[in-house]
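Breakdown of the fold
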Amino acid sequence: MQINKIYKDNTNFKGFLNNKYLLKSLEKVSEHGTSFSAGTALAMSLTVRPLAILSTPDVEKENKEYACANSICSGLIKFGMVEAIALPIENAVKKIDATPNKYLKQNTIKSFQGTAENLADSKSYKLATQLIKLSTGFITAVPKSIFTIALIPIIMDKIFNLKIGTSQEKSITPSNKISTKEIPFTGRINEKLPKQIGKILDFKPFQDFAKKHQNNDKNIAKHITAATDILLSASFAYQTDRSKKIKENRKKALIYGNWISTGITLGLGYGIDSLAKNKINKFIEKFSKANAKDPKLAKYIEGLNIVRPAIIFAGIYYGLLPVISTYLAEKTDKYIQNK
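First things first, this report covers the structure right here in the doc. Each chain carries its own residue numbering, running from 1 in the direction its sequence is written. Predicted model: local features are reported for residues with pLDDT of at least 70 only, side-chain atom pairs are reported and counted for 80 or more only, and whole-chain, interface and lining totals are derived from all residues. Side-chain metrics rest on all non-hydrogen atoms present in the structure, leaving aside hydrogens and water.

The term salt bridge refers to a pairing of a side-chain nitrogen on Lys or Arg with a carboxyl oxygen on Asp or Glu at a separation within 4 Å. Summed over all chains, the structure comprises ten salt bridges. With a closest N to O distance of 3.9 Å, Lys24 and Glu27 form a salt bridge. Pair noted here: Lys24 and Glu27 are both in helix 2 (residues 20–31), with a separation of three residues, about one helical turn. Overall, Lys24 belongs to the partly exposed group, its relative accessible area being 44%. The salt bridge involving Lys94 is made with Glu31; its shortest N-O contact spans 3.4 Å. In this pair, Lys94 is assigned in helix 5 (residues 61–98) and Glu31 in helix 2, connecting sequence segments 63 residues apart. One salt-bridge network, in which partners are shared between bridges, spans Lys24, Glu27 and Lys296. Comment: elements are numbered from the N terminus, with helices defined as DSSP H or I runs of at least four residues and strands as E runs of at least two. Only protein chains enter the area calculation, which uses a 1.4 Å probe; residues under 20% of their type maximum are buried, those over 50% are exposed, and those in between are partly exposed.

So, on to the environment of Ser25. Take Ser25: it is sitting in helix 2. The exposure class of Ser25 is partly exposed, given its relative accessible area of 42%. Taking C-alpha positions, Ser25 is 9.8 Å from Leu304, a pair spaced 279 residues apart along the chain. One polar contact links the side chain of Ser25 to the main-chain carbonyl oxygen of Tyr21, over a distance of 2.8 Å. Polar contact criterion, stated in full: a pair of N or O atoms within 3.5 Å, where within protein one must be able to donate a hydrogen and the other to accept it, and residues adjacent in sequence count only if both atoms are side-chain atoms.

As structure tokens, this is what we get:
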């Protein structure tokens, strides 16, 4: 009897790996991956990164202030866009998960499900829905950079008391803002979005792509994050160069700093993730054993695969790199000017 009790306790481990708060958090991350990434970026872009930039030695004060303004603006804009665009898409996918027969063709369900017990356990379906949810960051990259550049002069004025240009710009008043009250989120609109996403999932080539790459689902968040960062940097550089509200002698340092940060983040991010691969796989194996009987195991693992690159990339970009990129951008700009 005692032996059976010990065996039962060991196979139903109630420690960290199946802590109810951890599991609930991972489930939420799985459902709202883009929101999690944006929330992490917002918290660090408002605190860790500006403090690191301001502590950088041997860099002109105004270049530091522009870099801080960029950090604050990008975090705010990214989070705002997530709330406006990504969150409704994530909620729409959640609806499809709950009642697939309502939004998907039977052939689509059969195609994705394959030999899995249910649609939610299908690797190809999980990959397809994660592609849709996480791609919102990539889709909104260009408008994000446009709004970021537009907001930088305001931050420079309000926080650092540095006015750009001589013309009086219109201040942002409540009448200029988009009010959520003007957007009637009726039941009909809430139903329209999952139906549109259902049409994407019904698209046969998209199904074939998901099935072909279903075993790479653990890296999808990492690859989309990298692609989004590259597009953001390119768009940011273009918009910065064209901006009339950013001082000409500060543009190059701002652009170089952004590209340096992106390049080093991606290089170190992929490198660290690759080095930690074995340990991560062992952790997921132990986690899977501890939660083997939980019907939501697939969602938990999906959440882990979103958390992993988000923490690695955010830790590098917001914690490690600000000092390096700000310093290198300053030196690169001065070297090119004096060449």
